[in-house]
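# Structural overview for review
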Amino acid sequence: MNRSTMRLLRGAACAVAAAVVSACAAPTPPPTSVVYGLTLSPTGIDPHLNASAELGIPLTSVYDTLVVQDPLTGDFLPSLASSWTMSDDGLSYTFHLRSDVRFHDGEPFDAEAVRANIDYILDPDNHSQKAVFMLGPLERVEVIDPTTVVFHLKAPYPPLLDSLAQVYLGMASPKALATWGPSDYQFHQVGTGPFRFVEFVPNDHLTLVRNPDYAWGPSIYQHATAQVETVTFRFYTEPATRALAVENGDVDILGEIPPHDAQRLAGEGIGVTPVTIPGQPLQFLLNTKRPPTDELDARRALLLALDRPAIVQAVFGDTSPVAQGLLSGLGLASSSLPEHDQAEAERLLTDSGWLMGTDGVRHRDGQTLELTIVAPSWGNNPEVGQLLEAAWEALGAQVELQIAPSFGQLKEAQEKGDYNAIGINFFGTDPDLLRPMFASDGVYNWTGYRDLLLDDLLRRGGSSAISPGERQALYGQATQIVLNQVLVLPIRDYVNLVASSPRIHELRFSYTGWFPLLIDLEIGS
């Protein structure tokens, strides 16, 4: 019997014998769904209006941006904008747009869509928490024709491309923005990216599905379309639950794994990827408007009382470097912070009139040395807050540690002003990150400190009329003022430990570190 006859007989047998159809069918394809764990359940997930870095983990794959950054070099590359030019005075950027892009709802992407997105962000009634500030001194967006749009600035602003490469300025369907408005759009998001937004159930899950029509991805992607069909994001806000979720197979990918768990998981054959995050370190800002941190010597004493290397080792082991400046990973020279000196910390407080009582607490003029720490619930801030609490109690202070479960509650605590130290930090790839936090009129100037020289340095550092070297020098001077005034307690530079199932391949992240390139995910055996 030849091979052709055998094939015919096998085909006939399969056709007439229902019981053996499954045996004759093609092999079952591998699963095409992935579960990705998130470590924070944001109070809002519209990237144009909300500020959480966590929302960008799923939504970077829903939205395309005008430009992108090379994941390795940080160079700016075309995306929705095929090319761009900047005027000689740095006051206008002209973007030439692709003409073949459509939103997930079928609407065309064009220059009017760009203007509609910026108008949505700039609308003061929408209360954008981050994106509006990333636009700097933007004055207006001018539509020249369907594929040409110009950003006009009131002053040069070199971080503009960095801003436009991030999900917070991702392009959304103007039709969807108008239909749902700022309250409900977060539940009906529509972009142009490699994945479509399907559903968001707060505190439970968020679901994306592959966009089969995607044909305009930037060169940073290894694949033209997504390799997995569905990505479901679930929330694992308690650090203790994360390693177990990976071990049990409940989740395929999960970041911010506690260091001791990460070491154990790696020994079990589970992938652990350390991802360096550029930007501000885990830090606590000191309130200069509330006693006793309104006094420089008190702030110095609180800094000197911290054994920062010991804190980092206790919470993060060897997985994170101790922060030595205000920014990491941006090529900005750091200024060394003083080492732990308990005796000097005690002397500064004693010389300031804070005398130790028989109750082990310091008092001055009938007042007790009281400190309030407000720590966010994410990023190991609570654990670090507990160690700050212990260090300052050893110094003779009565310390109250409050945990803010969400960014909204963190902001509420800040607005009340009843804190001495508060944890907040932002990530990014341009040193202009310092401006909103330390300029007198900065929206995140939660220290309350005002200094005209510092303002001038931050303003001049944001000018594209100077060389990169001059910018670095200006930011270096600004950094020195902030550190000399002890406005911030930098603890550790961020390294995100991401665990992944052995079946996950090609797990890659954007230049900013937090955001996975889901289009390139592959599932193996």
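Coordinates for the structure precede this section.
Residues numbered from 1 in each chain as written. Predicted model: local features only at pLDDT ≥ 70, side-chain atom pairs only at ≥ 80, totals over all residues. Heavy atoms only, no water.

### Quick look at the overall build of the protein
Along the protein, the regular secondary structure elements total 17 helices and 23 strands. Its C-alpha radius of gyration of 26 Å places the protein within 12% of the 24 Å reference for a compact globule of 525 residues. When the backbone C-alpha atoms are referred to their principal axes, the protein occupies close to 105 × 55 × 40 Å. Burial status across the protein gives 55% buried among its 525 residues. Split by element, the accessible area of the protein, about 21,900 Å² in all, is 51% carbon and sulfur. Of the side chains in the protein, 33 bear a positive and 62 a negative charge, and the two mean positions are spaced by 4 Å. (Helix = DSSP H or I, 4+ residues; strand = E, 2+ residues; numbered from the N terminus. Rg over C-alpha atoms; globule rule 2.2 N^0.38 Å. Buried < 20%, exposed > 50% of the residue type's maximum accessible area, 1.4 Å probe, protein only. Areas by Shrake-Rupley, 256 points an atom, 1.4 Å probe, with all protein chains shown as cover. Lys, Arg positive; Asp, Glu negative; His and termini not counted. Charge placed at Lys NZ, Arg CZ, Asp CG, Glu CD.)

### Some words on the sheet that holds strand β4 (residues 81-86)
Spatially, the four strands line up as an open sheet ordered β4-β5-β7-β6, and their pairing is antiparallel. On the outer flanks of this sheet lie β4 and β6 (138-145), each paired with one strand and no other. Each strand of the sheet is rotated relative to its neighbour by a mean of 20°, with strand direction disregarded. Summarising the sheet, strand β5 (residues 92-97) and strand β7 (residues 148-153) pair through five bridges and their orientation is antiparallel. Looking at the pairing, S92 lines up with H152 of β7. (Pairing = 2+ DSSP bridges. Axes fitted to C-alpha atoms, helices over the stretch in contact; angles between N-to-C directions.)

### Concerning the packing of aromatic side chains
Here the structure, examined in full by the defined rule, presents 14 aromatic pairs. The interplanar angle of 35° and the centroid separation of 5.3 Å between the aromatic rings of Y36 and F233 together place this pair among those described as tilted. Here the residue Y36 occupies a position in strand β1 (residues 33-38), and F233 occupies one in strand β10 (residues 230-235), the gap between them amounting to 197 residues. Y36 gets classed as buried once you look at its relative accessible area, which sits at 3%. (Phe/Tyr/Trp six-rings, centres within 6.5 Å; stacked < 30°, edge-to-face > 60°.)

### Overview of the pattern of salt bridges
Scanning the model with the defined rule gives 19 salt bridges in all. For the salt bridge of R115 with E112, the shortest nitrogen-to-oxygen distance reads 2.9 Å. One end of the pair is R115 and the other is E112, both in helix α4 (residues 111-122) and three residues apart, which spans about a single turn. One salt-bridge network, in which partners are shared between bridges, spans E247, D261, R264 and E268. (Salt bridge = Lys/Arg side-chain N within 4 Å of Asp/Glu carboxyl O.)

### What about the packing of helix α10 (residues 296-304) against helix α12 (residues 342-351)?
Between α10 and α12, the least distance of the axes is 8 Å, while the angle of their chain directions is 160°. Taken together, the axis directions place α10 and α12 in an arrangement best described as roughly antiparallel. For the pair α10 and α12, the sense of crossing is left-handed. Here α10 contributes D297, A298, R300, A301 and L304 to the contact with α12, which in turn contributes Q342, E344, A345, L348 and L349. Of the residues that constitute the contact of α10 with α12, the class distribution is six nonpolar, one polar and three charged. (Parallel < 35°, antiparallel > 145°, perpendicular 65-115°, else oblique. Left-handed = near helix turned anticlockwise from the far one by under 90°. Contact = heavy atoms within 4.5 Å. Nonpolar A, V, L, I, M, F, W, Y, C, P; charged D, E, K, R; others polar.)

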